[in-house]
Amino acid sequence: MYFQKNKYSLTLPLKHLSTLLNHIKMNRLFIFTIIIAVLTGCQPSGKGEGEKADEGLTRERGEVILKDYGGDPLVINIEDYTLDNENFRTAIWTGELFQLTVMSIPVGSEVGLEMHHDIEQFLRIEEGEAEVLMGDEKDQLTFVRKAGDDDVIFVPAGKWHNVVNKGDKPLKLYSIYAKPEHPFGTVHKDKAESDAAEHDHDH
């Protein structure tokens, strides 16, 4: 029917062809718009350092200074502070409601068996391998788990607990006490110094 030579022979095909071409043009325009949007989104924002500063967010990365900043606003890289610490325990922030300390436990040593009646504790291991023990009685530590890099430990109030270094390098961790357990500015060079301080604290 489309090839009959009369006045209607080309009318229907041309209409279909026109509609088809319009659809093709619209689809090509739509695809082209999508491509432009994707390419535009991949371009750098063009913001310079000055513009970034104007956003009101600044981050300072200075040297690690191991001291107690408690009472003052503070933003630090906790991983840097934990890994740089060589003391058995160093208090980093002591407030009224909680305290942050960083610890370095030598190979073959331990944090020490202890229990806090009214303090909950959070610990995070940044480097090393440990064995975590907890229980209701000091001679019944029925909760035993292995822990390593990036693992966290939650100690409920009233639980006897200990963390033992089971690796071949110092165990680096930080501990948050809620409420503070040690005096402001606490620094224990080694476990013996820590044990002596605990003995004095108990008496």
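Structure's up top.
Treat the numbers as computed from the prediction; the structure is a model and nothing was measured.

### Section: the overall build of the protein chain
Consideration 1: The number of helices and strands found in the protein chain is four helices and nine strands.
Consideration 2: Each helix (α) and strand (β) of the protein chain, taken in turn from the N terminus, gives the series α-α-α-β-β-β-β-β-β-β-β-β-α.
Consideration 3: The buried share of the protein chain, reckoned over its 203 residues, is 30%.
Consideration 4: A sequence separation of at least 24 residues applies to 67% of the contacts in the protein chain between residues at least 6 apart.
Consideration 5: Looking at the protein chain as shown, the accessible area adds up to about 14000 Å², and 57% of this sits on carbon and sulfur atoms.

### Here's the deal with the sheet that holds strand E4 (residues 130–135)
Consideration 1: Overall, antiparallel pairing links the three strands, which are arranged E5-E4-E7 in an open sheet. One side of each edge strand has no neighbouring strand; the edge strands of this open sheet are strand E5 (143–147) and strand E7 (160–165). This sheet shows a mean twist of 15° between the axes of neighbouring strands, independent of strand direction.
Consideration 2: Sheet topology note: the E4/E7 ladder contains six bridges and is antiparallel. When the sheet's bridge partners are listed, alanine 130 is paired in E7 with asparagine 165.

Cut-offs applied
Residues numbered from 1 in each chain as written. Predicted model: local features only at pLDDT ≥ 70, side-chain atom pairs only at ≥ 80, totals over all residues. Heavy atoms only, no water. Helix = DSSP H or I, 4+ residues; strand = E, 2+ residues; numbered from the N terminus. Buried < 20%, exposed > 50% of the residue type's maximum accessible area, 1.4 Å probe, protein only. Contact = heavy atoms within 4.5 Å. Areas by Shrake-Rupley, 256 points an atom, 1.4 Å probe, with all protein chains shown as cover. Pairing = 2+ DSSP bridges. Axes fitted to C-alpha atoms, helices over the stretch in contact; angles between N-to-C directions.

By themselves, these figures tell us nothing about what the structure is for.
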